[in-house]
Amino acid sequence: MKLNETIEFHIKTTSLALTRMYNSIAAEYGITQTMGYILTYVSKEGTPSTKLATELGMKKSSLTRMLKKMEDEGLIFRETNQVDKRIVKVFLSEDGVNRRKIAKSTVVDFNEKLLQEVSQDDLAIFIKVSDIIKNQVESEMNLQNI
């Protein structure tokens, strides 16, 4: 099997294409794709930063740097729990809320375009295969104690 025929090749090249597109759009609003994802995952009640790392699949150190940058740019603010100082929640500023709306509508609009080209049966197969891949990755990581 040639490398360009592997599942990984198709996932990676598709992911890179999406990243290029979303980063290009996000740059028009002074953010990155990753910032957009963070904005969409923060709830009105605030989201613990540890939950964000898990949800986004980011290393805590990378997320910490990104949150610091977003805080410096006025997109978010953080509050420490007064009872348990270990808990820090992330909240969106007014500007963060506005950019969140843009990020969400960009993703939803693109997905609506995709769904005009993809049948429900093909979508179900895609989701099934994606789940199989995620489960296999999880199994491999458990075997290797990662």
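One can find the structure itself at the top, above this paragraph.
Remember, predicted model here, so these are calculated numbers, not experimental data. (Residues numbered from 1 in each chain as written. Predicted model: local features only at pLDDT ≥ 70, side-chain atom pairs only at ≥ 80, totals over all residues. Heavy atoms only, no water.)

Asker: Which parts of the structure should I look at to understand the packing of aromatic side chains?
Answerer: Each aromatic ring pair is characterised by the separation of its centres together with the angle its planes make. If you walk through the whole model with that rule in mind, you get two aromatic pairs. On the numbers, 5.3 Å between centres and 10° between planes, the contact of Phe-77 with Phe-91 is stacked. Here the residue Phe-77 occupies a position in strand β2 (residues 76-80), and Phe-91 occupies one in strand β3 (residues 88-92), the gap between them amounting to 14 residues. Judged by relative accessible area, Phe-91 falls into the buried class, the value being 15%. (Phe/Tyr/Trp six-rings, centres within 6.5 Å; stacked < 30°, edge-to-face > 60°. Helix = DSSP H or I, 4+ residues; strand = E, 2+ residues; numbered from the N terminus. Buried < 20%, exposed > 50% of the residue type's maximum accessible area, 1.4 Å probe, protein only.)

Asker: Got a minute to help me understand the pattern of salt bridges in this structure?
Answerer: Opposite charge on two side chains permits them to pair, given that their charged atoms come into close proximity. The full count for this structure, using the stated rule, is five salt bridges. Across the pair Lys-134 and Asp-131 runs a salt bridge, and its minimum N-O distance is 3.4 Å. Of this pair, Lys-134 and Asp-131 both sit in helix α6 (residues 120-143), three residues apart, roughly one helical turn. Taking the relative accessible area as the measure of exposure, Lys-134 reaches 53% and is therefore exposed. (Salt bridge = Lys/Arg side-chain N within 4 Å of Asp/Glu carboxyl O.)

Asker: Explain the sheet that holds strand β1 (residues 47-48) to me, please; I cannot follow it from the model alone.
Answerer: Sheet strands pair via backbone hydrogen bonds, and the direction of the pair is either parallel or antiparallel. The three strands lie next to each other as β1-β3-β2, forming an open sheet whose pairing is antiparallel. Because the sheet does not close on itself, it has two edges, and the strands there are β1 and β2. Sheet analysis places β2 next to β3, joined by five bridges and oriented antiparallel. The partner of Thr-80 across the bridge, within β3, is Val-88. (Pairing = 2+ DSSP bridges.)

Asker: Got a minute to help me understand the environment of Ser-130 in this structure?
Answerer: Its place among the elements puts Ser-130 in helix α6. Classification of Ser-130 as partly exposed rests on a relative accessible area of 21%. Each C-alpha atom of the pair Ser-130 and Tyr-29 lies 31 Å from the other, and the pair is 101 residues apart in sequence.

Asker: Hey, could you run me through the nonpolar core in this one?
Answerer: For soluble globular proteins, nonpolar side chains are generally found buried alongside one another. By size, the foremost hydrophobic cluster in this structure holds 16 residues, and its most contacted members are Ile-38, Leu-39, Leu-52, Leu-67, Met-70, Leu-75 and Ile-76. Considering every element that reaches this core, the biggest residue donor is helix α4 (residues 60-72), with four residues. Other than its neighbours up to four places away in sequence, Leu-67 contacts Ile-38, Ser-49, Leu-52, Ile-76, Arg-78 and Val-90. (Core = buried A, V, L, I, M, F, W, Y, C linked by side-chain atoms within 4.5 Å. Contact = heavy atoms within 4.5 Å.)

Asker: Where do I start with the environment of Phe-126 in this structure?
Answerer: As for its position among the elements, Phe-126 is in helix α6. Here the alpha-carbon distance between Phe-126 and Tyr-29, two residues 97 residues apart in the chain, equals 31 Å.

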